[in-house]
Protein chains: 2
Amino acid sequence: MKRIFEIDPWKVTTHKFSTEDKRLQESLTAIGNDYMGMRGNFEEGYSGDSLQGTYLAGVWFPDKTRVGWWKNGYPEYFGKSLNAPSFIGIGITINGEKLDLAKVNFSDFTFSLDMHQGLLSRSFIYEGKGVKVKFEFERFLHITLKEAALIQVKITVLSGNAKIDFDSTLDGTVVNEDSNYDEHFWISRGENAAARTIKVETKANTYKVPRFTVLLKESLRHNGQIIRGDVTTDKAKLSEKFSVNLHEGESYDLEKDVIVVTSRDVKPDEQDEKAAALMKKLQAKSFAENLADHTAVWQKRWDKSDVVIAGDAAAQQGIRFNILQLFMTYYGEDKRLNIGPKGFTGEKYGGATYWDTEAYIIPMYLCVTKPKVTRALLQYRHDQLPGAYHNAKQQGLKGALFPMVTFNGIECHNEWEITFEEIHRNADIPFAIYQYTNYTGDDSYVKNDGMDVLVATSRFWADRVHFSKWRNKYVIHGVTGPNEYENNVNNNWFTNTMARWLLQYTLERLPKASKEAQARVNVSDKEKAKWQDIVDNIYLPEDKKLGIFLQQDDFLDKDIRPASSIPKDQRPINQHWSWDRILRSPFIKQADVLQGIYFLNDRYTKEEKERNFDFYEPLTVHESSLSSCIHSILASELGKKKQAVNFYERTARLDLDNYNNDTVDGLHITSMSGSWLAIVQGFSGMRYDHNQLRFNPFVPDSWDHYSFKINYRGRLIKGYADHKEIKLTLIKGEKLMVTVKDKKLELKEGETTCLKD
Amino acid sequence: MKRIFEIDPWKVTTHKFSTEDKRLQESLTAIGNDYMGMRGNFEEGYSGDSLQGTYLAGVWFPDKTRVGWWKNGYPEYFGKSLNAPSFIGIGITINGEKLDLAKVNFSDFTFSLDMHQGLLSRSFIYEGKGVKVKFEFERFLHITLKEAALIQVKITVLSGNAKIDFDSTLDGTVVNEDSNYDEHFWISRGENAAARTIKVETKANTYKVPRFTVLLKESLRHNGQIIRGDVTTDKAKLSEKFSVNLHEGESYDLEKDVIVVTSRDVKPDEQDEKAAALMKKLQAKSFAENLADHTAVWQKRWDKSDVVIAGDAAAQQGIRFNILQLFMTYYGEDKRLNIGPKGFTGEKYGGATYWDTEAYIIPMYLCVTKPKVTRALLQYRHDQLPGAYHNAKQQGLKGALFPMVTFNGIECHNEWEITFEEIHRNADIPFAIYQYTNYTGDDSYVKNDGMDVLVATSRFWADRVHFSKWRNKYVIHGVTGPNEYENNVNNNWFTNTMARWLLQYTLERLPKASKEAQARVNVSDKEKAKWQDIVDNIYLPEDKKLGIFLQQDDFLDKDIRPASSIPKDQRPINQHWSWDRILRSPFIKQADVLQGIYFLNDRYTKEEKERNFDFYEPLTVHESSLSSCIHSILASELGKKKQAVNFYERTARLDLDNYNNDTVDGLHITSMSGSWLAIVQGFSGMRYDHNQLRFNPFVPDSWDHYSFKINYRGRLIKGYADHKEIKLTLIKGEKLMVTVKDKKLELKEGETTCLKD
């Protein structure tokens, strides 16, 4: 754990600058606007250790993976989130000294992310020979004018005289940090000094993956007036220079406006014109006016989604930071996009889409965004079915296999133990259809496009199981469960359970599907009978003596001992132990059996939940960012309040407190919903299965009260709980019967319903 | 199966040239002299598809493996057998047309490897405009003057007049075919036109692996006289050109002499002088004289090791080809070397040493070479113990873990499922100490250096097992057995059995070790007691109902069905099936349980052997080159003569008949001993445990008779069997009691003992 930013309900601020925490600081000050984003790099450059990172949604490169021992069925390429051309650069020299916080003298450092609107500010006082200069930077990515980035720097000479040289840059000579053999992925397609643009294209590839062309345009303003410096260009680079002389007490404001267009939206030969038009639009308003527009939109988002926690500022800050980062990554505007594990905050893991979206993001987005946002995420998978069919075929299997990692539906992760073994995703992803239908009550998706998904994935499972004569049961061999600290195991309880759930749900929904969908999927009676046979006879390992489900065959053959027996200096084990030791150990990375109990929550008794929680949680090291939230929710349900709160704190402040010592690589975007789920599904006990909205709230001892908002079937509901009472307010929408602590209550528009605790 | 060379007892000859079989042809015409070797590439060059390959023993490069998902305990680098500078080049043009068999008209093609002495010959008649020219090439690598390669080309103009331009080359601009990102590993260290040398060095690396410097020197002779053409050089390249004009009926002989010295033996700054001296030595004799010297040494080798088979020329050719290729790869001259899976015939797999050496080569070399050759192979491992300690430490384990693949003792294979899971090698490698001691009766190794190996590996196993409270037994999780079509399994019977064997053998030998060794290894009573407890209580999975040992936990949970149920067009499965399908299938790559029964042959009853053979062999696809020989030997023992012969044919002609459709990549050097073992341990039933040499021969129906020779404890013995009698001749050495078909016989020097069948 490491906390480098101060506690504040609406700000992430530090007054310290430590070179060794530079990367961590950069991750935590990343900003985005669903279209693009960047780490908290410094505009003026920085010569010390740093991860320079700018990312454009949906812009990627298929990096070859055939290095080493390639086998049939392994993916051909590893899809890399590309480090995109950097456009924030404003090089500065003061009386000939280059401003570089790794080298110069400075004081009064402040770096702050305002969570109301994703505005990044930074200030410090530079001290040179006989001169003191205050620098104040502000930066945001426009939330409605997506292609626009706005940067402002205000320079005030506190003492002495200063000649300031500016060098505003666009730089396409960037490279991914994990680039093999320092390969560059961008090539220049021309620079235009007069227009202040550079155009770059991704390299050719042999995988028929479309190439991307990106045009970047910059323009400088002072006091609202465009100013023109001396422009020089080099391959994929542009530099605009000018100087000002400032006397003691004088100030100078410089605004850098940037437009970024990509071939995802604009054809390469139309990009120059389009960027010029967008720049005109941007510059029709001042920095302050643009910021006001931007902030207004953020205010609307917060109005529908803010979670208020009183009495614990750290918890309050954590949940807001997570909501902000999620919304800066994805707000459903572009159906071709999804939510990558690092969003716009780093390049590790590659890929755009994991099962995280369906398992952890959708349950939150269902409640805090309009249904169409979730439906866009469902549609994304439907649109990628051709890729999923391809993936199954690569393994010699029928039906469709959704990828573990992808940009376009085709698997692009290059570890076999994940690629074709961590296949539980192929039930978890369809499970989101169930979640959507269940929560919204809208069955139009599952009746139509959703049925294509259900049948395609069911066909995969029906081929992937085999019948064991030895057990007289259907079994599933060679998988990796959600607990990735086991590989190539047989009969993972979670996988078998979810496969069974999928077949059952498909059989149940199929007769209700539209005629067109039924004709399209064309499931024969024989096929249905086979699916039913698997549902009836699939092997689900358990230990009757202990009364628990078994994570996998022979799990008890391990050297079972609690994670608390691991010496502290060996945690996290994935940074201290060999992979061999981890694989053989009994220690669990993230919820596995418990993930299944979480998903199919209404199928298990409290006693079953309790026995499994008490057996598996002590073995769990929670080294996946996706672990704590599930444990928090189950702990809440089981009345283990203290544990529930501990797990909440971990999920809420995973990055802010760098719990897993890996936030330097970027934020854990897809697990950020976990803190929201821990509050709403955990502390407030919200459930929505069987068309019934239920709550069973408690308030953490250290909190005074908390509140949250959800939209539910056209309604906006506010939930509130303190140590004395529970209040539900139907802000908008038709009346609704809900259950609170087993009591039925009717909510009416504009009214608040109370329940004394 | 594909047979492109003709059947002949002492030659591998073809009269056909097919561009599509070029690579296969190159593999089968590879030659070597333990110091260096090369594929059967054409001297004049070839523009079609070809794998140009020259290899120098012990010269390698640590290629980085941190591409993709690196985890703790994975090796830092992948050791690559380097494609070395090519020195065979003699470019030829005839009246301006470049001689290139991919393009020119030619007839009467003959390509032949003489197995008496590893002499490669090639001839053909070129037909150009108004000219016919016969070309005859000969090439060999000198068996005593190791650094020398000799090439001769004889040109005869059959019709017309021919201007012949020669271009003799040395070329260090070579690259490994699997080089990542086309990386070159060699850099020029200067060319010397006058001395006709190039010097190259391997690139720097970050792994502290020594760099290699290689100097190549060429010289041309005509009729024994040195001739000097025009020399030009480029970076890492040298070219010597001259021309001759030949009239119809005229001939011209050109000899290219090459010396190759490396920094393994000669310091870089002494290489020029050394190469000059060696060239002088070479050129003190003519091509014919050098060839005669070379052949004489080969004759002596064959005298001690030839296997004669009458009545089956294909079988005869197969065994000789294998013996030749093995001896061309390794004959124990350099203790720093070992036997790589492809020898000098290709670059696939990388590395110099696998467990193949101990498991498959040593049992043959013990019998056909002097004991010091085997002892050198044992010593090789002892000398690499520091690397083995390093490997165990990387996994967080005690003791020493011999590498799966290495050049220097440090693991350099980059698949985790092999690297730290296929650990059975760590018992198989010490098992060679037992084999050596058992066969030679010489216990001086096991008492001294051998004890270091036994204790170091025993300590590894004692830490690698864990106690399962559930089974109340010691278990071994997370391994890959010899059957690499399973990964990360628990309680592989072979692994558990061999680990148990090792601990038992170490405990047994320890009290008899030298005092120095005992003091060095310093095994406490507590440690011994722990080892004994593991020996007594290790879990060895079996199915009592079927009466078989279980390859691993839950093996019977698979979809058990015979390999014969796989459609023929899907064989070999590793070229047709996804890795997922292979892993989940019941099909076995190579002997696993049966490998253990082969190793510890005296511990199991005939009934146990039979039940396991009958269960596992039908599941085995024999897609490892190491599979057939073990099955042949066991089939012989079980009286399954037809199967024994079938398996023999497959191991004997694996490459000649390209059974596994992968000989294009190079020969399966380390499995070539299998055919010898199938005859001597299989057909002749030789056993040597318990200080007793025994035979139990039969003769394949299709053979007339066969004979072989073995050295045994200072004696040279010839074994012979036909359909009527068995003859044993003690060619040299003290009298010896042997057992033949349960009869005790005394062998006396110079006498032949007969037993009628």
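Per an unreviewed UniProt entry, chain A carries the name Maltose phosphorylase and comes from Lactobacillus acetotolerans. In its Sequence similarities (unreviewed entry) section, UniProt records this for chain A: "Belongs to the glycosyl hydrolase 65 family."

### Observations concerning the overall build of chain A
Regarding its fold elements, chain A presents 21 helices and 32 strands. Along the first, second and third principal axes, the C-alpha set of chain A runs to 85 × 65 × 55 Å. Classification of the 757 residues of chain A by burial places 65% in the buried group. Relative to all contacts within chain A whose residues are 6 or more apart in sequence, the contacts with residues 24 or more apart total 67%. Counting every atom, chain A has about 26,700 Å² of accessible surface; 48% of that belongs to carbon and sulfur. Taking the average place of the 102 positive charges on the side chains of chain A and the average place of its 105 negative ones, the gap between the two points comes to 4 Å.

### Topic: the domain arrangement of chain A
Residues and elements named next belong to chain A. Its domain assignment divides chain A into domain 1 (11-274), domain 2 (329-683) and domain 3 (684-757). The distance between the C-alpha centroids of domain 2 and domain 3 comes to 28 Å. Contact residues are listed per partner, giving 28 residues for domain 2 and 20 residues for domain 3. Counting each side, the surface lost to burial between domain 2 and domain 3 is near 2,000 Å², with a carbon and sulfur contribution of 53%. Together, Y439, V680 and F683 form the three largest contributors to the area buried by domain 2 at its contact with domain 3, with a combined 34%. Here domain 2 and domain 3 share 1 salt bridge between them. Taking the shortest distance from any N to any O, the salt bridge between R687 and E637 comes out at 3.2 Å. There are 18 residue pairs in polar contact (both at pLDDT 80 or more) connecting domain 2 and domain 3.

### Digging into the relation of the copies chain B and chain A
The two copies are related by a screw motion: chain B maps onto chain A through a turn of 180° and a shift of 0.0 Å along the axis, at an RMSD of 0.0 Å. These values place the two chain copies in the arrangement generated by a two-fold rotation axis. Rotation axis and chain B: the residue whose C-alpha lies nearest the axis is B:N488, separated from it by 3.3 Å. The overlap is high: 100% of the interface residues of chain B also sit at the interface in chain A, so the same surface is used on both sides.

### Focus: helix α5 (residues 356-368) of chain A
Residue and element names in this part refer to chain A. Over its 13 residues, α5 runs 17 Å from end to end, which matches the ideal 18 Å to within 8%, given 1.5 Å per residue. Helix geometry: α5 is bent most strongly at I362, by close to 45°, with proline P363 lying one to four residues after it. Counting buried residues along α5, 13 of its 13 residues qualify, which places the element largely inside the surrounding structure.

### Considering the side chain of B:D257
Residue and element names in this part refer to chain B. If you trace the backbone, D257 turns up in strand β20 (residues 251-262). There is a polar contact of 2.8 Å between the side chain of D257 and the side chain of R221. When sequence neighbours within four positions are dropped, the list of residues in contact with D257 reads A149, L150, K217, E218, S219, R221, M279, L282 and Q283.

### Structural notes on unusual backbone geometry
Most of the time, phi is negative for any residue but glycine, and the peptide bond is trans. Residue A:P572 is bonded to the preceding A:R571 through a cis peptide linkage, with omega at -10°. Relative to the assigned elements, A:P572 resides in the loop between β25 (548-549) and α15 (573-576). In the Ramachandran plot, B:D108 falls in the positive-phi region, its phi being about 55° despite a non-glycine side chain. Within the secondary structure, B:D108 is located in strand β9 (residues 105-114). With relative accessibility at 55%, the residue B:D108 sits in the exposed group.

### Considering the interface of chain B and chain A
The interface is formed by 55 residues belonging to chain B together with 55 residues belonging to chain A. Buried area between chain B and chain A, summed over both chains or domains, comes out near 4,900 Å², and the portion from carbon and sulfur atoms is 51%. At the boundary of chain B and chain A, one finds 6 salt bridges. The partner of B:K71 in a salt bridge is A:E415, and the shortest N-O contact between them spans 2.6 Å. The interface formed by chain B and chain A holds 30 residue pairs in polar contact (both at pLDDT 80 or more) in total. The set of elements that each furnish at least two residues to the side of chain B that touches chain A consists of β5 (60-64), α8 (416-419), β22 (466-468), α15 (573-576) and α16 (579-584) of chain B. Broken down by element, the side of chain B that touches chain A gets its largest block of residues, 5 residues, from α16(B). Partitioned by chemical class, the residues of the side of chain B that touches chain A number 17 nonpolar, 19 polar and 19 charged.

### Structural notes on the sheet that holds strand β26 (residues 693-695) of chain A
All names here are of chain A. Judged by pairing direction, the sheet is mixed, and its 3 strands sit side by side in the order β26-β30-β31 without closing on themselves. The sheet is open, and its two borders are formed by β26 and β31 (743-747), each paired with just one other strand. Across this sheet, the average inter-strand angle for adjacent strands is 35°, counted without regard to direction. Inspection of the sheet shows β26 paired to strand β30 (residues 736-740) by 3 bridges, in the parallel sense. The residue bridging F695 from the neighbouring strand is V740, located in β30.

### A few points about the packing of helix α11 (residues 449-464) of chain B against helix α14 (residues 525-537) of chain B
All names here are of chain B. It is the contact of α11 with α14, at a shortest axis distance of 11 Å, that shows an interaxial angle of 65°. Seen along the crossing, α11 lies across α14 with a hand that is left-handed. Residues V455, S458, R459 and A462 of α11 pack against E527, K530, W531 and I534 of α14. Residue composition of the contact of α11 with α14, by class: 4 nonpolar, 1 polar and 3 charged.

### Examining helix α4 (residues 313-329) of chain A
Residues and elements named next belong to chain A. The terminal C-alpha atoms of α4 lie 24 Å apart, and with 17 residues this matches the ideal 24 Å at 1.5 Å per residue to within 8%. Among the 17 residues of α4, 16 are classified as buried, and the element is accordingly described as predominantly covered. The N-capping residue of α4, defined by a side-chain oxygen 3.2 Å from the backbone nitrogen of A314, is D312.

### Some details on the pattern of salt bridges
A complete count under the given rule lists 106 salt bridges over all chains for this structure. For the salt bridge of B:R3 with B:D657, the shortest nitrogen-to-oxygen distance reads 2.7 Å. Here B:R3, found in the segment before β1 (11-14), pairs with B:D657, found in the loop between α20 (641-652) and α21 (673-683); they are 654 residues apart in sequence, far enough to count as distant. The network of salt bridges with shared partners includes A:E43, A:E44, A:R122 and A:R139.

### Quick look at the environment of A:F460
Residues and elements named next belong to chain A. Positionally, F460 belongs in helix α11 (residues 449-464). A relative accessible area of 1% means that F460 is categorised as buried. Measuring from C-alpha to C-alpha, the distance between F460 and R471 comes to 22 Å, with 11 residues separating the pair along the chain. Ignoring sequence-local partners within four residues, the contact set of F460 consists of A392, L397, K398, G399, A400, L401, I423 and N426.

### Observations regarding the state of the cysteines
Scanning the model with the defined rule gives 0 disulfides over all chains in all. Free of any disulfide, A:C629 has its nearest neighbouring cysteine sulfur in A:C367, separated by 14 Å.

### Points about the UniProt feature "domain: Glycoside hydrolase family 65 C-terminal" (unreviewed entry) in chain A
Under the feature "domain: Glycoside hydrolase family 65 C-terminal" (unreviewed entry), the UniProt entry names residues 686-747 of chain A. Across residues 686-747 of chain A, helical content stands at 0% and strand content at 60%; the span's end C-alpha atoms are separated by 15 Å.

### Re the sheet that holds strand β13 (residues 162-171) of chain B
Residue and element names in this part refer to chain B. Spatial strand order, β8-β7-β13-β19-β18: 5 strands in an open sheet with antiparallel pairing. The sheet is open, and its two borders are formed by β8 (97-98) and β18 (230-234), each paired with just one other strand. Where strand β7 (residues 90-94) meets β13, 5 bridges bridge the pair, whose relative direction is antiparallel. Paired with G91 across the strands is D167, a residue of β13.

### Describing the packing of aromatic side chains
Scanning the entire structure with this criterion turns up 107 aromatic pairs over all chains. Aromatic side chains B:W493 and B:Y604 sit 5.9 Å apart centroid to centroid with 55° between the ring planes, which places their arrangement in the tilted category. Of this pair, B:W493 sits in helix α12 (residues 493-509) while B:Y604 sits in the loop between α17 (593-599) and α18 (606-616), placing them 111 residues apart in sequence. Three or more aromatic residues link up through ring pairs in this structure, and these residues are A:F17, A:F42, A:Y46, A:F106, A:F109, A:F111, A:F124, A:F135 and A:F137. Across the ring face of B:F42, the terminal group of B:R122 is positioned such that the distance to the ring centre comes to 4.0 Å.

Reading the values: the criteria
- Residues numbered from 1 in each chain as written.
- Chains lettered and ligands numbered in written order.
- Predicted model: local features only at pLDDT ≥ 70, side-chain atom pairs only at ≥ 80, totals over all residues.
- Heavy atoms only, no water.
- UniProt positions renumbered as here; feature names shortened; annotations may be inferred.
- Helix = DSSP H or I, 4+ residues; strand = E, 2+ residues; numbered from the N terminus.
- Buried < 20%, exposed > 50% of the residue type's maximum accessible area, 1.4 Å probe, protein only.
- Contact = heavy atoms within 4.5 Å.
- Areas by Shrake-Rupley, 256 points an atom, 1.4 Å probe, with all protein chains shown as cover.
- Lys, Arg positive; Asp, Glu negative; His and termini not counted.
- Charge placed at Lys NZ, Arg CZ, Asp CG, Glu CD.
- Domains from an automatic or database assignment.
- Buried area = accessible area lost by both parts, 1.4 Å probe.
- Salt bridge = Lys/Arg side-chain N within 4 Å of Asp/Glu carboxyl O.
- Polar contact = N/O pair within 3.5 Å; in protein donor to acceptor, adjacent residues only side chain to side chain.
- Least-squares fit on C-alpha atoms with pLDDT ≥ 70 in both.
- Expected span 1.5 Å × (residues − 1).
- Bend = angle between axes of the 7 residues up to and from the residue.
- Nonpolar A, V, L, I, M, F, W, Y, C, P; charged D, E, K, R; others polar.
- Pairing = 2+ DSSP bridges.
- Axes fitted to C-alpha atoms, helices over the stretch in contact; angles between N-to-C directions.
- Left-handed = near helix turned anticlockwise from the far one by under 90°.
- Disulfide = S-S within 2.5 Å.
- Phe/Tyr/Trp six-rings, centres within 6.5 Å; stacked < 30°, edge-to-face > 60°.
- Lys NZ or Arg CZ within 6 Å of the ring centre and 35° of its normal.

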